[in-house]
Amino acid sequence: MIRNMARFKALVVCTALCLAACGGDSGGDGTGSSSQLHKKPSKTAPAGPTREEQTAGMVSAASPARGADITDLKFDIPTRPEAGRPVSVDLALLPLVDSPSVTLEIIGSEGLTVPAEDTSANFSDVAKIHVYRKSVVVTPAAEGMYFLSVMATFRNSDFADTRSFTVPLIVGPASATS
């Protein structure tokens, strides 16, 4: 009973996040107006592809956060989700601030199974010049619309700052050829 209530709450939160994301600008203003809470001197930029090049083809996850952003999250679903079949969801965390520790908490909506080993991820010494990746394998129970909620918590010695994101999955019927 408690688990069903928790799933219901997660579904309500996911739905609210999706609806909130529909009404705003998905891009930043590029002026560096991110939260000052976690700012440290920037580390040297790596040689090689930029963060944008590393996440080309990925889609930005919906987030209700406005203003003092601390991170962006992009995702990719490389294969078409089918009912009853595991599907990989590739996540890319693009921090806008440096932080000693970042934790991702991942929750599936009702009917979307997320294995225990994929429900969280921890990153240390996070720098805003890098992309941090996590691949999650989920299994949708049936056809329909599902949501993967991702909470990114940035911690330092004095406080924590969290941003939530929603990744939608539209699941079709299992193909006869698979």
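The preceding data block contains the structure.
Everything numeric here is computed off the predicted structure, so don't read it as measured data.

Peer 1: Which residues make up the sheet that holds strand β1 (residues 59–60), and what values do they have?
Peer 2: Within the open sheet, the five strands sit side by side as β1-β2-β3-β7-β5. Their pairing is antiparallel. With partners counted over all chains shown, the strands left at the sheet margins are β1 and β5 (112–113), one partner each. As defined by bridge partners, β5 adjoins strand β7 (residues 132–140) across two bridges and the pair is classed as antiparallel. In the strand pairing of β7, T113 is matched with T139.

Peer 1: So what's going on with the pairing of strand β3 (residues 87–95)? Residues and values would help.
Peer 2: As a general feature of sheets, a regular strand has side chains that alternate between the two faces. Most of β3 is tucked away, with seven of its nine residues classed as buried. Here six bridges tie strand β2 (residues 71–76) to β3, and the two strands are oriented antiparallel to one another. Among the inter-strand pairings, D72 is bridged to a residue of β3, identified as L94. Note that β3 and β7 share seven bridges and pair antiparallel.

Peer 1: Can you break down the environment of R155 residue by residue, with the values?
Peer 2: Structurally, the position occupied by R155 is in strand β8 (residues 144–155). It is 9.9 Å that separates the C-alpha atoms of R155 and S124, two residues lying 31 residues apart in sequence.

What counts, and where the lines are drawn
- Residues numbered from 1 in each chain as written.
- Predicted model: local features only at pLDDT ≥ 70, side-chain atom pairs only at ≥ 80, totals over all residues.
- Heavy atoms only, no water.
- Pairing = 2+ DSSP bridges.
- Helix = DSSP H or I, 4+ residues; strand = E, 2+ residues; numbered from the N terminus.
- Buried < 20%, exposed > 50% of the residue type's maximum accessible area, 1.4 Å probe, protein only.

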